[in-house]
Structures are given as structure tokens and as C-alpha cells.
Amino acid sequence: MIVGSGLVARAFAQRYAEDDSTIIFASGVSNSNETDPEAFARERAMLTGHLAEGQQRLVYFGSCNVVNAKEHSAYFQHKRAMEALVIGSGRGTVLRLPQVVGRTRNPNTLTNFLRDCILQERQLTLWAGAQRNLIDIDDVAAIATRILDGGAAPSVVAIASPWSLPMPRIVDLFEQVLGQRAHRVLMDRGEAMAIDSTLSEQVARDIGVDFGPDYPLRVIQKYYGPRHET
């Protein structure tokens, strides 16, 4: 069963849409800049409703950044609370994701935002010390499916690549793919990302996902290069 209709929901639909034993909860607040209490309340109500029904396993998508103690925004406080509900239910799995890249018209994703700023020649303010981890939605679905279908999945697992890059480096890659320079302003702010991607890297090797050093560039080329499909 799939709850949601966005990028993540679509990626898991082929395997789980008709699976009555698993709820893929891919709905709710996805914009990390969200501050509206009503948006958080809607997700909580929907999630608690599904947890209260039946005995299906529920898969919830969290954020790799919840482990960053400096993330005190309303969004990350909400994500931590939702993860706790799922884990406390005893029948849920939390898949923590970094910056997922795929075909979506949502302007709020990091990569769509970077593309639009560069192509529209808008000023791009970058935190020089901030790191982000890009992963292809197709790889997320493949790795997660292997973990979920492989038996007793951990209650929490991060699905990420080995490459957490500084934001200026990610913009460098976008400039390379788009063939256009960014109007960037650097600020001496930001933190490194602490992600334990050991399990996802192991599963990636098992199923043939190539997390080689050029992985971030290949992901950007796939979705933003000259031959990408909208």
C-alpha cells in the first residue's frame, strides 16, 4: 500500500502498491523550510491513523539530518517526533534519506533550486561549510526494497551514498553539467553531515549500484544534463 503520490511514492509503487502487508508512508511534510503547525499536525494525524489500523509494517521516510544536534527547526523537531512514533509502534521501519534526486517539478528540492538559480542567473548564497549527500531516487528504491524484503530490517537505516560534499562543490558539478556559472556568495557557516551509510553501501554493492567517486556527478548528469527527460 502506498500513501502519497510524489517522487518517493512513485518510486516504490511498482513493488508495494499491491502489497497489503506493507504501508509505504510517503506523504506529509517534505519541505524542510516548512513552519506551519497545521501542516505538521496533518502528517501526525495521518501517520497515527495508519499506525492504529491493522498490523501491517509501516515504512516512514525520515531525514539523515535528524542526527544533527544543531538542527532545531520546527521541521526537524517534527521529523524526530514522527520517527519516534514509528519506532515506538514496534512495527515500523524508518528510512532516513539525504537529498533525493529525481524527476519532479517541485521547486523546493535542493537540486531543482540550484538548477533554477544558475539558469535564471539569480544570486546563490552558499554556506561554505554545509555538506549535502545526493542520491538517485532509483537507487533509493532499489536499496530500500532489498533491505525491506530481505528479512528483519533494522528499525532505522540511512540510505545514502558515501559522498557528502560541501555545497560549493555541488554547485561546481552543476556548473559543469549546465555549462553555466553560478552567481555565488559564500558564507562561513554550515556543518558536515554525519551519515552512517554502511548498510546502504553494502547493499548497493550486492545489487550492482555503483557508488564510485563520480556518483554525484553522474546523478546530476542523469537528471539535469542536456539529454535528461522532464
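Preceding this section is the structure that the text describes.
Below, the structure is looked at part by part. Because the structure is a prediction, the values reported are computed rather than measured. (Residues numbered from 1 in each chain as written. Predicted model: local features only at pLDDT ≥ 70, side-chain atom pairs only at ≥ 80, totals over all residues. Heavy atoms only, no water.)

Quick notes on the overall build of the protein
Within the protein, the secondary structure is distributed over eight helices and 10 strands. Here the protein has a C-alpha radius of gyration of 18 Å; the compact-globule value for 230 residues is 17 Å, and the two agree. In terms of its C-alpha atoms, the protein occupies a principal-axis envelope of roughly 55 × 40 × 30 Å. Buried residues in the protein amount to 47% of all 230 residues. In the protein, of all internal contacts separated by at least 6 residues, the share reaching a separation of at least 24 is 76%. When the accessible area of the protein is evaluated, it comes to approximately 11500 Å², of which 48% is carbon and sulfur surface. For the protein, the centre of its 24 positive side-chain charges and the centre of its 26 negative side-chain charges are spaced 2 Å apart. (Helix = DSSP H or I, 4+ residues; strand = E, 2+ residues; numbered from the N terminus. Rg over C-alpha atoms; globule rule 2.2 N^0.38 Å. Buried < 20%, exposed > 50% of the residue type's maximum accessible area, 1.4 Å probe, protein only. Contact = heavy atoms within 4.5 Å. Areas by Shrake-Rupley, 256 points an atom, 1.4 Å probe, with all protein chains shown as cover. Lys, Arg positive; Asp, Glu negative; His and termini not counted. Charge placed at Lys NZ, Arg CZ, Asp CG, Glu CD.)

Overview of the packing of aromatic side chains
Per the counting criterion, the structure on display carries six aromatic pairs. Pairing Phe 211 with Tyr 215 gives two aromatic rings, centres 4.8 Å apart and planes at 85 degrees, and the pair type is edge-to-face. As far as the burial class goes, Phe 211 and Tyr 215 line up, both buried. One aromatic cluster in this structure is built from Phe 12, Tyr 16 and Phe 61. (Phe/Tyr/Trp six-rings, centres within 6.5 Å; stacked < 30°, edge-to-face > 60°.)

Observations concerning the side chain of Lys 79
Its location among the elements puts Lys 79 in helix 3 (residues 74–88). The side chain of Lys 79 is buried and forms no salt bridge, while Glu 43, the nearest opposite charge, is found at 4.3 Å. Engagement of the side chain of Lys 79 in a polar contact is seen with the backbone oxygen of Phe 61, the distance being 3.0 Å. (Salt bridge = Lys/Arg side-chain N within 4 Å of Asp/Glu carboxyl O. Polar contact = N/O pair within 3.5 Å; in protein donor to acceptor, adjacent residues only side chain to side chain.)

Here we look at the sheet that holds strand 9 (residues 164–166)
Pairing is mixed in the open sheet, where three strands are placed in the order 5-7-9. Only two strands of the sheet have a single partner each, and these edge strands are strand 5 (99–101) and strand 9. Taken pair by pair, the neighbouring strands of this sheet meet at an average axis angle of 40 degrees, ignoring direction. Two strands pair when backbone bridges link them, and strand 5 and strand 7 (residues 131–136) are joined in this way by three bridges, in the parallel orientation. Looking at strand 7, one finds that Val 100 is bridged to Ile 135. (Pairing = 2+ DSSP bridges. Axes fitted to C-alpha atoms, helices over the stretch in contact; angles between N-to-C directions.)

Considering helix 6 (residues 167–178)
Between the first and last C-alpha of helix 6 there are 16 Å, a value that for 12 residues agrees with the 16 Å anticipated at 1.5 Å per step. Most of helix 6 sits out of view: nine of its 12 residues are buried. Along helix 6, the residues classified as buried are Met 167, Pro 168, Ile 170, Val 171, Leu 173, Phe 174, Glu 175, Val 177 and Leu 178. Turning to helix 6, the residues buried within the fold contact helix 4 (110–119), strand 6 (123–127), strand 7, strand 9, strand 10 (183–187) and helix 8 (215–224). Just past helix 6, the residue Gly 179 takes up positive phi, approximately 70 degrees. (Expected span 1.5 Å × (residues − 1).)

Looking at the nonpolar core
Grouped together as the largest cluster of nonpolar side chains are 49 residues, with contacts concentrated most on Phe 12, Phe 61, Leu 95, Val 140, Ile 159 and Phe 174. The residues touching Phe 61, leaving out its near neighbours within four places in the chain, are Val 8, Phe 12, Ile 24, Phe 25, Ala 26, Lys 79, Leu 95 and Leu 97. In terms of nonpolar packing, the next biggest core, distinct from the first, is built from 10 residues, Val 3, Phe 25, Leu 51 and Val 86 among them. (Core = buried A, V, L, I, M, F, W, Y, C linked by side-chain atoms within 4.5 Å.)

Digging into the environment of Pro 166
Tracing the backbone shows Pro 166 in strand 9. With relative accessibility at 32%, the residue Pro 166 sits in the partly exposed group. Sequence separation between Pro 166 and Ala 192 is 26 residues; the distance between their C-alpha atoms is 7.8 Å. Apart from the residues within four sequence positions on either side, Pro 166 is in contact with Ala 128, Ala 130 and Gln 131.

Some details on the pairing of strand 7
For strand 7, the tally of buried residues reaches five of six residues, placing the bulk of the element in the interior. Judged from the three bridges that link them, strand 7 and strand 9 form a sheet pairing that is antiparallel. The partner of Asn 133 across the bridge, within strand 9, is Ser 164.

Quick look at the sheet that holds strand 3 (residues 57–63)
With respect to topology, five strands assemble into an open sheet ordered 1-2-3-4-8, the strand pairing being parallel. On the outer flanks of this sheet lie strand 1 (2–3) and strand 8 (156–158), each paired with one strand and no other. Direction of pairing for strand 4 (residues 92–97) relative to strand 8: parallel, over a ladder of three bridges. Each bridged residue has a counterpart across the sheet, and for Val 94 the counterpart in strand 8 is Val 156. In the packing of helix 5 (residues 137–149) onto the sheet, contacts are made with strand 3, strand 4 and strand 8, and the angle to strand 4 comes to roughly 155 degrees.

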